[in-house]
Amino acid sequence: METKTPDFLDKLTLKNYKYQIESEVSEYDGMPVFNISFSPIDKKLKGAKIGKMQIDTLTMGILNYEFEFTPEGLKDVMGGSSFGGSKDAKVKNFKVIQYYHAALSNYYLHESVLIIEAVIKQDKVEIPAKLTLNFFSTEANSRMGLSIKDSEILENTTFPTGGKKYDDNFWGNFNFIKPTNDLRQIVK
């Protein structure tokens, strides 16, 4: 999740990017919006990104944006294009998407998505891998069983305590089925 203003929106680094507004206005959440694409002016820009955003035509509020790192920018972010310097895993794409929702004459984060695509080499075979992390803010209010209204701002995100212990065989730090002895013999 983005924790600070991205460089393509930061006042001090706006000059490092070129912006192109599309000639047609489109619609987002029932509002007319400008579609703007952006890319770095210089290929050597540290952490360079390429992407697009939508801006409300009336308030100029940013409604959403998405970007991915340029090949050079990816090397800056990943310290090379691999996971932790491993030669067996190469990151091919790193994408961020942010959506905002209008409430109380302002815009609040509604959804944040991070997608990392990589290729992992194992025994000279390249295996594609994809990791998607998604933060999604819903309108459910577990405090009272009532929905959160557009005019309400959450002041607390504390989750209720208690509940059942999770099954670590299902929710463990692996996302595959443990192979049986018969399957191990077939793979050998």
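This is a predicted model, so every value here is computed, not measured.

(A) The pattern of salt bridges, seen in detail. Under the definition given, this model contains 2 salt bridges. With a shortest N-O distance of 2.9 Å, lysine 49 and aspartate 7 are connected by a salt bridge. Here lysine 49, found in strand β4 (residues 49-56), pairs with aspartate 7, found in the segment before β1 (17-21); they are 42 residues apart in sequence, far enough to count as distant. Accessibility expressed as a relative area gives 16% for aspartate 7, which makes it buried.

(B) Geometry of the environment of lysine 52. Relative to the helices and strands, lysine 52 resides in strand β4. Considering only alpha carbons, one finds lysine 52 and tyrosine 19, 33 residues apart in sequence, at a separation of 9.0 Å. Once you skip the residues sitting within four places of it in the chain, lysine 52 turns out to touch Ile36, Ser37, Phe38, Tyr65 and Glu66.

(C) Representation of a nonpolar patch on the surface in the model. Nonpolar side chains collect at one region of the surface, where Ile120, Val125 and Ile127 lie side by side and expose about 210 Å² of accessible area between them. Topologically, valine 125 is positioned in strand β8 (residues 125-136).

(D) View of the pairing of strand β5 (residues 62-69). Examined bridge by bridge, β4 and β5 share 7 bridges and lie antiparallel to one another. Of the residues in β5, the one forming a bridge with isoleucine 55 is isoleucine 62.

(E) Main features of a positive patch on the surface. A cluster of basic residues, Lys87, Lys90, Lys92 and Lys121, forms a positive patch at the surface. Position of lysine 121 among the secondary structure elements: in strand β7 (residues 106-122). Overall, lysine 121 belongs to the partly exposed group, its relative accessible area being 44%.

(F) How the structure looks around the environment of isoleucine 50. Position of isoleucine 50 relative to the elements: it lies in strand β4. Sequence-distant contacts of isoleucine 50, that is, excluding residues within four places in its chain, are made with Phe38, Ser39, Glu66, Phe67, Glu68 and Thr70.

(G) Region of interest: the side chain of glutamine 54. Relative to the helices and strands, glutamine 54 is located in strand β4. A residue is classified by how much of its surface remains accessible, and glutamine 54, at 15% relative accessible area, is buried. The contact partners of glutamine 54, leaving out residues within four places of it in the chain, are Ser26, Tyr28, Val33, Phe34, Asn35, Gly61, Ile62, Leu63 and Asn64.

(H) Representation of the nonpolar core within the structure. Counting residues in hydrophobic clusters, the biggest one holds 24 residues, and the most contacted among them are Phe8, Met53, Phe67 and Phe94. At the level of elements, β3 (31-40), β4, β5, α1 (71-78), β6 (89-103) and β7 are the ones that each hand at least two residues to this core.

So, how was this worked out
Residues numbered from 1 in each chain as written. Predicted model: local features only at pLDDT ≥ 70, side-chain atom pairs only at ≥ 80, totals over all residues. Heavy atoms only, no water. Salt bridge = Lys/Arg side-chain N within 4 Å of Asp/Glu carboxyl O. Helix = DSSP H or I, 4+ residues; strand = E, 2+ residues; numbered from the N terminus. Buried < 20%, exposed > 50% of the residue type's maximum accessible area, 1.4 Å probe, protein only. Contact = heavy atoms within 4.5 Å. Patch = residues over 30% accessible without salt bridge, like charges linked within 9 Å, V, L, I, M, F, W, Y side chains within 5 Å. Areas by Shrake-Rupley, 256 points an atom, 1.4 Å probe, with all protein chains shown as cover. Pairing = 2+ DSSP bridges. Lys, Arg positive; Asp, Glu negative; His and termini not counted. Charge placed at Lys NZ, Arg CZ, Asp CG, Glu CD. Core = buried A, V, L, I, M, F, W, Y, C linked by side-chain atoms within 4.5 Å.

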